[in-house]
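Residues per chain, in single letters:
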Amino acid sequence: MPAMSGQTLYDKIWDAHVVSTDANGESILYIDLHLIHEVTTPQAFAGLRAAHRPVRRPDRTLAVADHNTPTEGQALGTGAVADLEARMQLQTLERNVAEHGIEFLPMGDPRNGIVHVVGPEQGRTQPGMTIVCGDSHTSTHGAFGSLAQGIGTSEVEHVLATQTLRQIKSKNMRVTFTGTPAPGVGAKDFALALIGKIGTSGGTGHVIEYTGEAVSALSMEARMTLCNMTIEAGARAGLVAPDEKTFAYVMGRPSAPKGAAWEIALANWRRLVTDPDARFDREVVIDVSTIAPTVTWGTSPEDVVEVTGVVPDPATFDEPRAAQIRRMLDYMGLKPGQPIASARIDRVFIGSCTNSRIEDLRATAAIVKDRKVADHVSAMIVPGSGLVREQAESEGLDEIFRAAGFDWREPGCSMCLGMNPDRLAPGERCASTSNRNFEGRQGRGGRTHLMSPAMAAAAAIAGHIADVRDFL
Amino acid sequence: MQPFTQLTAKAAPLDVANIDTDQIIPKQFLKTVDREGLAQGLFYDLRFDADGKEKSGFVLNDPNYARAGVLIVGDNFGCGSSREHAPWALLDFGIRCVISTSFADIFYNNCFQNGLLPIALPAEQVRALMSEAKGGNHVFDIDLETQTVSAPSGARFHFDIDPGRKEKMLKGLDAIGETLQAASAIDDYEHRQALQRPWLEPA
Ligand code: SF4
């Protein structure tokens, strides 16, 4: 028998939450926090009702409305939502949370916003927790050293009824970011570079732990951006071991432990580290000093190029990749070999659970201050929550945005997926800080280029994809 | 959940890699509060043009593949959003089994919650089945008990599946009902946690 090796952070959190494991290796995993929203829960509550099952731990459940919500006129309430189906879905959530006694931050409440912005902001997200939500970008919360995973609606129902999830443990993968990034390069570029390197299924079946000096140097908000994009690399969860920055972020937030409880929690959280002799099933190392500002050119987050680079030529690839590239170039309206920075844009979207926190807005403001959005570009900024919006306004950022010609909206998912009225028209090209450039994601026929907020801001000013380093 | 034991059905080839759940079922169909009726939205942008007319080039619009029960697809099927509407829409359309080289984790898991069988096979086997289906020789046999896919040419491939998932699928077990049988273990866990991690309890 091989010598016992140490445990990874994932192993430790997993072990601390196993209720039982059956002969087939499937475990019942206890869930500390369940975040819910209007789109992936109606069928789960209907299932509970049909089986006469209660919600086991309403106190471990938090609800927000975010995916469907319009980004203007929120004070008028759900009754004023123009889209009838969206209105009904929002009202269904209101009824369900009232019936089961679940805390709800409704549209219009300043604490409302995108579920993955709200959890950390309220101090609900804490190190060492297991967190689930019927949304794949739940991986965001891994920035706090919590095991946070997206689940489907049947599993939402399972967690509501049992406060557990049945799961087979994933493998361990470590991504180490070394070095110091150049100015203009940040967490979004790290994520896009990683996905470009390992592909959108590179992390499938694994939980990724991010380590290295470049990760330690990231702020909590930037770590959330990095963990958020983990699902785009195929891994269900991404983790960063908690450190002093993590504790400082959590301390004092409304749901954070207080007083003596805080001291006990802190002592426990300090043990949430991977043992030095722990083994990983897969290792990737990236030197961030080699990363340039990065954008996507295709319809999958792995199709990335440095902003100074060119669109690939399918003729230089073998089938079936060549056919795939031709299909993407056709959809994206790009020519083989064209410099990506020559792509003229129509729209800019700064928002989503990837990049809608206060730092993202500050980075945007730093680029657009005293500049103007290009005449042919329509640009919008959607803060991640009502509190982010208030903070930005207290810093005068909204004035900078409006003066530059940006539309300053109310919080929500908005054009990240275009379930609400914010979406691209067919053929429109968008510089977007969101996480998915899939065909039709931001509107049927819409063309999405993913990039950082600073890069999207530069594109808004230039009117085409542009190198943020020329704006620093 | 409906059990899955054996299936004999037409297989439709959809030779595209990285088909994400946004393509399987676009956002405008996510506003429903029901699980049924999603077939109309399945692959909507691939199946229909901007005027809502069927696109002739799309495999599921081809009469040869009408009422297909098996879908053979490119790598990394079901990536992206966690929406369970994707397996619901496939099932509502009549698809009971999807064959690929790889599936995204959340989609894969969602399939098992609904009696939709995702089969992962090595690339050359998926190629062989894909070309057989493309040639129009396309009534396949899927047997979950013996874990085999058989094509009309006589090609017969074994697939791997986790034994726990297989058992639930064969019997159509209700996962919640099963977990609730362990309710006392969950109670015990909560008591232990209240002692070991007291800060998690509401003040
Ligand atoms: S912002 Fe986009 S990715 Fe994030 S939760 Fe909303 S829809 Fe999902």
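Residues numbered from 1 in each chain as written. Chains lettered and ligands numbered in written order. Predicted model: local features only at pLDDT ≥ 70, side-chain atom pairs only at ≥ 80, totals over all residues. Heavy atoms only, no water.

Student: Just to check I follow, could you spell out the overall build of chain A for this structure?
Tutor: Scanning chain A for helices and strands turns up 15 helices and 19 strands. Once the C-alpha set of chain A is aligned to its principal axes, its extents read approximately 60 × 55 × 45 Å. Looking at chain A as a whole, 66% of its 472 residues are labelled buried. Carbon together with sulfur atoms contributes 53% to the accessible area of chain A, which is approximately 15,400 Å² in total. (Helix = DSSP H or I, 4+ residues; strand = E, 2+ residues; numbered from the N terminus. Buried < 20%, exposed > 50% of the residue type's maximum accessible area, 1.4 Å probe, protein only. Areas by Shrake-Rupley, 256 points an atom, 1.4 Å probe, with all protein chains shown as cover.)

Student: Where do I start with the overall build of chain B in this structure?
Tutor: Each helix and strand counted, chain B has eight helices and seven strands in total. Overall, the C-alpha framework of chain B stretches about 65 × 45 × 25 Å when taken along its three principal axes. Buried positions account for 58% of the 203 residues belonging to chain B. About 8,100 Å² of surface is accessible on chain B, with carbon and sulfur atoms providing 49% of the total. Side-chain charges in chain B split into 19 positive and 28 negative, and the spacing between the mean points of these groups amounts to 3 Å. (Lys, Arg positive; Asp, Glu negative; His and termini not counted. Charge placed at Lys NZ, Arg CZ, Asp CG, Glu CD.)

Student: How should the interface of chain B and chain A be read in this particular structure?
Tutor: It is common to give the size of an interface as the accessible area that goes away when the parts come together. The partner chain A presents 73 residues to the 65 residues of chain B that form the contact. For the pairing of chain B and chain A, the buried interface totals around 5,300 Å² over both sides, and the portion due to carbon and sulfur atoms is 52%. It is Lys27(B), Lys31(B) and Trp199(B) in chain B that bury the most area against chain A; as a group they hold 15% of the surface buried on that side. Elements with a contribution of two residues or more to the side of chain B that touches chain A: α1 (21-24), α2 (44-47), α3 (85-93), α4 (105-112), α6 (163-171), α7 (175-180) and α8 (183-196) of chain B. Element by element, the count of residues in the side of chain B that touches chain A is highest for α8(B), at nine residues. (Contact = heavy atoms within 4.5 Å. Buried area = accessible area lost by both parts, 1.4 Å probe.)

Student: Help me out: how do you make sense of the packing of helix α2 (residues 42-50) of chain A against helix α5 (residues 153-162) of chain A in this one?
Tutor: The description of two packed helices rests on the angle between their axes and on the distance between the axes. Residue and element names in this part refer to chain A. In contact at an axis separation of 8 Å, α2 and α5 are set at 50° when each is read in the N-to-C sense. It follows that α2 is oblique to α5 by the angle criterion. Relative to α5, α2 is oriented so that their crossing is right-handed. In contact with Gln43, Ala44, Phe45, Gly47 and Leu48 of α2, α5 contributes Thr153, Val156, Glu157, Leu160 and Ala161. Of the residues that constitute the contact of α2 with α5, the class distribution is six nonpolar, three polar and one charged. (Axes fitted to C-alpha atoms, helices over the stretch in contact; angles between N-to-C directions. Parallel < 35°, antiparallel > 145°, perpendicular 65-115°, else oblique. Left-handed = near helix turned anticlockwise from the far one by under 90°. Nonpolar A, V, L, I, M, F, W, Y, C, P; charged D, E, K, R; others polar.)

Student: Even after reading the chapter, I still don't get the confidence of the model for chain B, so can you show me in this structure?
Tutor: For any part of a model where pLDDT is low, the fine detail of the predicted coordinates should not be relied upon. Averaged over all residues, the pLDDT of chain B equals 95, while 99% of them reach at least 70. Under the prediction, the complex receives an ipTM of 0.93, its pTM being 0.96. (pLDDT = per-residue confidence, 0-100.)

Student: How should I be thinking about the packing of helix α12 (residues 358-368) of chain A against helix α15 (residues 453-462) of chain A in this particular structure?
Tutor: Residues and elements named next belong to chain A. Packing of α12 against α15 brings their axes to within 8 Å, and their N-to-C directions diverge by 30°. Along this stretch, α12 crosses α15, giving a crossing that reads as right-handed. Contacts from Asp360, Thr364, Ile367 and Val368 of α12 reach α15 at Pro453, Ala454, Ala457, Ala458 and Ile461. Per-class residue counts for the contact of α12 with α15 are seven nonpolar, one polar and one charged.

Student: Where do I start with the pairing of strand β15 (residues 347-350) of chain A in this structure?
Tutor: On a regular strand, each side chain points to the face opposite its neighbour's, so the side chains alternate between the two faces of the sheet. Residues and elements named next belong to chain A. Where burial is concerned, the two faces of β15 agree: the one with Arg347 and Phe349 and the one with Val348 and Ile350 are both buried. Sheet analysis places β15 next to strand β16 (residues 378-381), joined by four bridges and oriented parallel. Opposite phenylalanine 349, over in β16, you have methionine 380 as the bridge partner. Following the backbone out of β15, through α12 and into the adjacent parallel β16, one traces a crossover that is right-handed. Examined bridge by bridge, β15 and strand β18 (residues 429-432) share three bridges and lie parallel to one another. (Pairing = 2+ DSSP bridges. Right-handed = clockwise from strand over helix to strand, strands pointing away.)

Student: Whenever I open this one, the sheet that holds strand β2 (residues 26-30) of chain A confuses me. Can you help?
Tutor: Hydrogen bonds along the backbone pair up the strands of a sheet, which may run parallel or antiparallel. Residue and element names in this part refer to chain A. Spatial strand order, β1-β2-β8: three strands in an open sheet with antiparallel pairing. The outermost strands of the open sheet, each flanked by one partner alone, are β1 (18-21) and β8 (164-168). Put simply, the sheet's adjacent strands are angled 25° from each other on average, direction ignored. Note: β1 against β2, three bridges, orientation antiparallel. Of the residues in β2, the one forming a bridge with threonine 21 is serine 27.

Student: Could you clarify how one ought to interpret the pattern of salt bridges in this entry?
Tutor: Pairing is possible between side chains that carry opposite charge, provided their charged atoms lie close to one another. Overall, the coordinates contain 41 salt bridges over all chains when judged by the stated rule. Two residues, Glu428(A) and Arg347(A), come together in a salt bridge whose shortest N-O distance is 2.9 Å. Taken as a pair, Glu428(A) in the loop between β17 (407-408) and β18 and Arg347(A) in strand β15 lie far apart in primary sequence, 81 residues in all. As far as the burial class goes, Glu428(A) and Arg347(A) line up, both buried. Salt bridges sharing partners connect three or more residues here, namely Asp32(A), Arg56(A), Arg57(A), Asp59(A), Arg60(A), Asp187(B), Glu190(B) and Glu201(B). (Salt bridge = Lys/Arg side-chain N within 4 Å of Asp/Glu carboxyl O.)

Student: What's the story with the site of the ligand in this structure? I'm lost.
Tutor: In the vicinity of the ligand, the contacting residues are His67(A), Ile114(A), His116(A), Asp135(A), His137(A), Ser352(A), Cys353(A), Cys413(A), Cys416(A), Leu417(A), Asn435(A) and Arg441(A). Broken down by class, the residue content of the shell around the ligand amounts to five nonpolar, five polar and two charged. (Near = heavy atom within 4 Å.)

Student: Is there a simple way to think about the sheet that holds β16(A) in this case?
Tutor: Strand order in the open sheet formed by five strands is β17-β16-β15-β18-β19 (chain A), and the pairing between neighbours is parallel. Edge strands, defined here as strands with exactly one partner in the open sheet, are β17 and β19 (447-450) of chain A.

Student: Mind showing me how you'd approach the nonpolar core here?
Tutor: General note: in soluble globular proteins, nonpolar side chains tend to be found buried as a group. Membership of the largest hydrophobic core comes to 112 residues, with the highest contact counts inside it found for Phe406(A), Phe43(B), Leu90(B), Ile99(B) and Ile142(B). Apart from the residues lying within four places of it in its own chain, the contact partners of Leu90(B) are Ile24(B), Leu42(B), Phe43(B), Leu71(B), Phe77(B), Ile95(B), Val98(B), Phe107(B) and Leu116(B). (Core = buried A, V, L, I, M, F, W, Y, C linked by side-chain atoms within 4.5 Å.)

Student: Mind showing me how you'd approach unusual backbone geometry here?
Tutor: Glycine aside, residues mostly have negative phi, and peptide bonds are mostly found in the trans state. Pro320(A) follows Glu319(A) through a cis peptide bond whose omega is 0°. Turning to its location among the elements, Pro320(A) is positioned in the loop between β14 (304-306) and α11 (321-332). Phi at Gln163(A) is positive, roughly 60°, even though this residue is not glycine. Take Gln163(A): it is sitting in the loop between α5 and β8. On the basis of relative accessible area, Gln163(A) is assigned to the buried category, the value being 0%. The phi dihedral of Gln147(B) is positive, around 55°, even though this residue is not glycine. Relative to the helices and strands, Gln147(B) is located in the loop between β5 (139-143) and β6 (148-150).

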